Amino acid sequence: MRLISIIPDFHPKDDAVLLARAEALKPELIYTPYPAPQACSLNGEALPPEEMEHTPLSKGDVLLLDYGRHLVGRLTLTLDCAGSHQDAPAFLQLDLAEVTGELEENPEDYNGWLSCSWIQRERVHVDQLPAQLPLERRYAFRYVRLTVLDTSPKYQLLVKRAAAVAESSADWNALEKHTYKDPMLQRIAEASLNTLADCTQLVLEDGPKRDRRLWLGDLALQALAHYTSFKSMKLIRRCLYLFAGSRFPDGRMGANVFTEPQVEVDDTFLADYALMFPIALRDYVKQTGDAETLRELLAPALEQVDLIADGLDGDGLVTAESAQSSFIDWSDGLNRAAALQGVLICACEACAELCLQAQDGERSKRYTALAERLRGAARRAWWSEEAGCFLIGGQAAIHSQVWLTLADAMPQGRAGQAMKKALETPGAPEMQTPYMHHYYLMALMRAGQWQEAEDHLRAYWGSMIENGADTFWECWNPADPAGSPYGGRIVNSYCHAWSCTPVYVLTLLEKHREEEEGGSL
Ligand code: RAM
């Protein structure tokens, strides 16, 4: 599945008042210096970091720096020369990587459908040494590999310092420290917080390496993780106003919003992402009780559901066209209709709650009734008593079971078995991203399968930790570790917003454990 949308002559509908509010809510970045790497190697041999500045480098030498944790920020090299006079420029290649796997790939072999310009490789000439070399871009990295493409026979290069300054708007001081007895859960919680913090910038970015911008599906999950950690409420509010402030001409929300050089909705529409807006607004209002935001954003939130509900077919089902313009997961060949129907039902319930909160009981009842009609339609069209799960075009997809469980559309008591059946059906579409695995966890808990949810969290997110993650990855299928939806894993993001939810899920699991068993995780 390729996600490329270009609408000729696209003119967003902007609301100056809402965009001014978003601008006023822009956070301050917090800068944290990392003056030196934690570990180094030269041509594959360990080099104590304090020896780096005295080690002369010549053509072909490869210096690898490890900052010991994932960072989002800027890098400045302090360079000098040794030997005779510098009679030619120093020519260097710098590869910045979130994980070592990126360094094992050759960027020139990448031929996927996302731009190769996301690959964090620079080639620079330094005409005069000594020199300070502040790299221009902001990077997401833990590793920096410096390859000396050339000096000259007369001189060698010295890397005196390689100082990084990390930037994020997440405030670690706002965090209430929590430790888990189980060491793997503790590591999962830490990686989850690092992921969230590194994506928390001037907006809630999807991935600080790529695409470095605000996506609606990612925002809904980041916000949940924030409510149980850094609590960047102002920033979440800003992001909601950005989506409401720049929209498609017909009022639909785009799947993502650009904020530079000015705010502009992307001309990409994903039906399930637009439906995340009322859900995210409901969650935000529940957490904050912010009546002003509710008043200003209620109408755009309801509009997202109304526009899709207006296009339902005669049986009360989402159309194939809506299903095709939805994301759900990076699973090729997935029939997305049932999952989208589930998202729509969840969005209707969110609208019902929002209307109630806004003292509009009549309207609230209408959304509750619509949700009920959609549930009935889903059961009539897709429930197979024989298969014991929802079948769409013959497909027993886990995605459909998950979303229709979250929508309370499953026949009573059948959710656990239906999800199991889908996972065990040979050839059924598999879950490809932590985004979808998050909703699977939520559906397990909804079905009362708390232990299964805990086990799955440990197994799935834990397997990223076992494979070296210190922040969670955009795509991960343990059965296909090299997989990428983009045609090359070098452009995958390894610190991705929608993967940061364990910190939220763990609080749900712990609360349940305390209520049921009187113990903690
Ligand atoms: C990608 C990004 C983003 C996601 C969309 C659907 O471009 O990873 O996080 O929301 O796809």
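In this text the structure is predicted, and so the values were computed from the model without any measurement.

Near the ligand there are 13 residues, and of these Asp211, Asp218, Tyr273, Glu474 and His496 occur at the shortest range. Tyr273 has a polar side-chain atom sitting 2.7 Å from an oxygen atom of the ligand. Take His496: an N or O atom from its side chain is 2.7 Å from an oxygen atom of the ligand. Within the complex, the protein chains bury 97% of what would otherwise be the 290 Å² of accessible surface of the ligand.

Let us now look at the layout of surface pockets. As a volume, the largest pocket reaches approximately 800 Å³. Secondary-structure elements contributing two or more residues to the lining of the largest pocket are helix H4 (216-227), helix H6 (271-288), helix H9 (337-357), helix H11 (398-406), helix H13 (434-446) and helix H15 (502-517). Tallied by class, residues from the lining of the largest pocket come to 17 nonpolar, 3 polar and 8 charged.

We now examine the side chain of Arg238. Relative to the helices and strands, Arg238 is located in helix H5 (residues 233-245). Buried charged residue Arg238 carries no salt bridge. Nearest counter-charge: Glu23, at 4.5 Å. Here Leu202 takes part through its backbone oxygen, which lies 2.7 Å from a polar atom of the side chain of Arg238. In this structure Arg238 touches Ala22, Glu23, Leu25, Lys26, Pro27, Leu202 and Val203, once residues within four positions along its chain are discounted.

This part takes up empty space enclosed by the protein. Tallied over the full model, the rule gives 1 cavity of 30 Å³ or more. Of the pockets and cavities examined, the largest cavity occupies roughly 90 Å³. Asp95, Leu96, Glu102, Ile119 and Ile490 are the residues nearest the centre of the largest cavity, which is lined by 13 residues in total. Counting only elements with at least two residues in the lining of the largest cavity, the list comes to strand S6 (90-97) and helix H2 (100-104). In terms of residue class, the lining of the largest cavity is built from 6 nonpolar, 1 polar and 6 charged.

Sheet architecture is open: 3 strands sit in the order S11-S13-S14, paired in antiparallel fashion. The open sheet has two edge strands, strand S11 (214-215) and strand S14 (264-265), and neither has a second partner. Sheet topology note: the strand S13 (residues 256-258)/S14 ladder contains 2 bridges and is antiparallel. Residue pairing in the sheet places Phe258 in a bridge with Glu264 of S14.

Here we come to the pattern of salt bridges. Per the counting criterion, the structure on display carries 32 salt bridges. When the shortest N-O distance is used, the salt bridge between Asp95 and Arg121 registers 2.7 Å. Separated by 26 residues along the polypeptide, Asp95 in strand S6 and Arg121 in strand S7 (residues 121-126) bring together distant segments of the chain. Here Asp95 falls in the buried class, since its relative accessible area comes to 5%.

This part takes up the packing of H6 against H9. Direction vectors running N to C along H6 and H9 enclose 35 degrees, while the axes themselves pass 9 Å from each other. H9 is crossed by H6, and the crossing has left-handed handedness. Across the interface between the two elements, Ala271, Asp272, Leu275, Met276, Pro278, Ile279, Leu281, Arg282, Val285 and Lys286 from H6 touch Leu340, Val343, Leu344, Cys346, Ala347, Ala350, Cys351, Glu353, Leu354 and Gln357 from H9. Each residue belonging to the contact of H6 with H9 can be placed in one class, and the counts come to 15 nonpolar, 1 polar and 4 charged.

It is worth spelling out helix H12 (residues 415-424) at this point. Within H12, the full set of buried residues consists of Ala415, Gly416, Ala418, Met419 and Ala422. Looking straight down H12, one finds its buried side chains confined to an arc of 165 degrees; they lie on one side. Facing away from the buried side of H12, by more than 90 degrees, are the exposed residues Gln417 and Glu424. Those residues of H12 that are buried lie in contact with strand S15 (383-384), strand S16 (389-390), H11 and H13.

Our focus in this paragraph is H6. For H6, which comprises 18 residues, the first-to-last C-alpha distance of 27 Å matches the rise-based estimate of 26 Å (1.5 Å per residue) to within 8%. Of all the 18 residues making up H6, 15 are buried; the element is thus mostly covered by neighbouring parts of the structure. Downstream of H6 by one or two residues, Gly289 has phi in the positive range, about 65 degrees.

This next bit is on the environment of Tyr143. Within the fold, Tyr143 resides in strand S9 (residues 139-150). Judged by relative accessible area, which is 12%, Tyr143 ranks as buried. If sequence neighbours within four positions are ignored, Tyr143 has contacts with Leu64, Leu65, Asp66, Asp95, Leu96, Ala97, Glu98, Val99, Thr100 and Leu103.

Right, let's talk about the environment of Gly314 for a bit. Inspection of the secondary structure assignment puts Gly314 in the loop between helix H7 (291-309) and helix H8 (320-324). When the C-alpha atoms of Gly314 and Pro478 are compared, they prove to be 41 Å apart, with 164 residues separating the residues in sequence.

What follows is about the nonpolar core. Phe277 and Trp403 are the most contacted members of the largest nonpolar core, which totals 140 residues. With near-sequence residues (within four places) excluded, Phe277 lies in contact with Leu216, Leu240, Phe243, Ala244, Met253, Leu297, Ala301 and Gln304. Counting 33 residues, the second-largest nonpolar core is a separate cluster that includes Leu92, Val124, Val126 and Val144.

Further remarks concern the packing of aromatic side chains. Scanning the model with the defined rule gives 20 aromatic pairs in all. Ring geometry for Phe248 and Phe269: centres 6.1 Å apart, planes at 65 degrees, overall edge-to-face. Taken as a pair, Phe248 in the loop between strand S12 (246-247) and S13 and Phe269 in the loop between S14 and H6 lie far apart in primary sequence, 21 residues in all. Here Phe269 falls in the buried class, since its relative accessible area comes to 15%. Considering the side-chain rings of Trp383 and Phe390, the 5.1 Å spacing of their centres and the 80 degrees angle between planes classify their relative orientation as edge-to-face. Residues Trp383 and Phe390 agree in their burial class; the two are buried.

Basis of the calculations
- Residues numbered from 1 in each chain as written.
- Predicted model: local features only at pLDDT ≥ 70, side-chain atom pairs only at ≥ 80, totals over all residues.
- Heavy atoms only, no water.
- Near = heavy atom within 4 Å.
- Polar contact = N/O pair within 3.5 Å; in protein donor to acceptor, adjacent residues only side chain to side chain.
- Areas by Shrake-Rupley, 256 points an atom, 1.4 Å probe, with all protein chains shown as cover.
- 1 Å grid on protein atoms, 1.4 Å probe; cavity = no way out; pocket = protein on both sides within 12 Å on 5 of 7 lines; lining within 4 Å.
- Points joined across faces, edges and corners; volume = space filled by probe spheres on them.
- Helix = DSSP H or I, 4+ residues; strand = E, 2+ residues; numbered from the N terminus.
- Nonpolar A, V, L, I, M, F, W, Y, C, P; charged D, E, K, R; others polar.
- Buried < 20%, exposed > 50% of the residue type's maximum accessible area, 1.4 Å probe, protein only.
- Lys, Arg positive; Asp, Glu negative; His and termini not counted.
- Salt bridge = Lys/Arg side-chain N within 4 Å of Asp/Glu carboxyl O.
- Contact = heavy atoms within 4.5 Å.
- Pairing = 2+ DSSP bridges.
- Axes fitted to C-alpha atoms, helices over the stretch in contact; angles between N-to-C directions.
- Left-handed = near helix turned anticlockwise from the far one by under 90°.
- Arc of directions from axis to C-beta.
- Expected span 1.5 Å × (residues − 1).
- Core = buried A, V, L, I, M, F, W, Y, C linked by side-chain atoms within 4.5 Å.
- Phe/Tyr/Trp six-rings, centres within 6.5 Å; stacked < 30°, edge-to-face > 60°.

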